[in-house]
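# Examining the three-dimensional arrangement
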Amino acid sequence: MEKNHLYFNMFFGTIGIVLVGVGALKYQVVMHDLEGYIIAYAGFILTAGYINYLEKKAGISNKIIWLKAGISIALFIIISFIIYIYPI
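Small disclaimer: the values here were computed from a predicted structure and weren't measured.

## Concerning the overall build of the protein
When helices and strands are counted, the protein shows three helices and zero strands. When the helices and strands of the protein are listed from N to C terminus, the series reads α-α-α. Dimensions along the principal axes, computed over C-alpha positions, put the protein at roughly 45 × 25 × 20 Å. Among the 88 residues that make up the protein, the fraction classed as buried is 20%. Within the protein, counting contacts between residues at least 6 apart in sequence, those at least 24 apart form 67% of the total. For the protein, the computed accessible surface area is about 6,500 Å², with 75% contributed by carbon and sulfur atoms. Positive and negative charge centroids in the protein, built from 6 and 4 side chains respectively, lie 14 Å apart.

In structure tokens:
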């Protein structure tokens, strides 16, 4: 039961970090601001690295961590293309 709770939180953490990345991308598209772009993506990368560290400390297997990373990247790319094709 404890592992299920851990995976549930991991799922929502992944969705959250993808949404932060999409927000940074949207900021770049709307504002055309190089400094804000660099700061937003640096924060995104540092947060993703820290979440990866916490997942390893929690005992999640590398297979699941890599699977989550692949899904996150695919989700980020899909949402990014949607934002460029259908701007809000």
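## Concerning helix H1 (residues 2-31)
Between the first and last C-alpha of H1 there are 43 Å, a value that for 30 residues agrees with the 44 Å anticipated at 1.5 Å per step. By the burial criterion, the buried members of H1 are Met10, Thr14, Ile17, Val18, Gly21, Val22, Ala24 and Leu25.

## Section: the side chain of Ser72
Of note, Ser72 is situated in helix H3 (residues 62-85). Overall, the relative accessible area of 11% leaves Ser72 in the buried class. Not counting residues within four places of it along the chain, the set of residues in contact with Ser72 comprises Thr14 and Val18.

## A look at the packing of helix H2 (residues 34-57) against H3
Their axes nearest at 10 Å, the elements H2 and H3 cross at an angle of 155°. By the angle between their directions, the pair H2 and H3 is classed as roughly antiparallel. Our pair here, H2 against H3, has a crossing hand that is right-handed. Taking contact as the criterion, the partners of Tyr41, Ile51, Asn52, Glu55 and Lys56 in H2 are, on H3, Asn62, Ile65, Lys68 and Phe76. In the contact of H2 with H3, the residues fall into four nonpolar, two polar and three charged.

## Describing the nonpolar core
Counting five residues, the largest nonpolar core consists of Ile17, Ala24, Leu25, Tyr41 and Phe44. Secondary-structure elements contributing two or more residues to this core are H1 and H2. With residues up to four places along the chain from it excluded, the contact list for Ala24 reads Ala40 and Tyr41.

Rules of the game
- Residues numbered from 1 in each chain as written.
- Predicted model: local features only at pLDDT ≥ 70, side-chain atom pairs only at ≥ 80, totals over all residues.
- Heavy atoms only, no water.
- Helix = DSSP H or I, 4+ residues; strand = E, 2+ residues; numbered from the N terminus.
- Buried < 20%, exposed > 50% of the residue type's maximum accessible area, 1.4 Å probe, protein only.
- Contact = heavy atoms within 4.5 Å.
- Areas by Shrake-Rupley, 256 points an atom, 1.4 Å probe, with all protein chains shown as cover.
- Lys, Arg positive; Asp, Glu negative; His and termini not counted.
- Charge placed at Lys NZ, Arg CZ, Asp CG, Glu CD.
- Expected span 1.5 Å × (residues − 1).
- Axes fitted to C-alpha atoms, helices over the stretch in contact; angles between N-to-C directions.
- Parallel < 35°, antiparallel > 145°, perpendicular 65-115°, else oblique.
- Left-handed = near helix turned anticlockwise from the far one by under 90°.
- Nonpolar A, V, L, I, M, F, W, Y, C, P; charged D, E, K, R; others polar.
- Core = buried A, V, L, I, M, F, W, Y, C linked by side-chain atoms within 4.5 Å.

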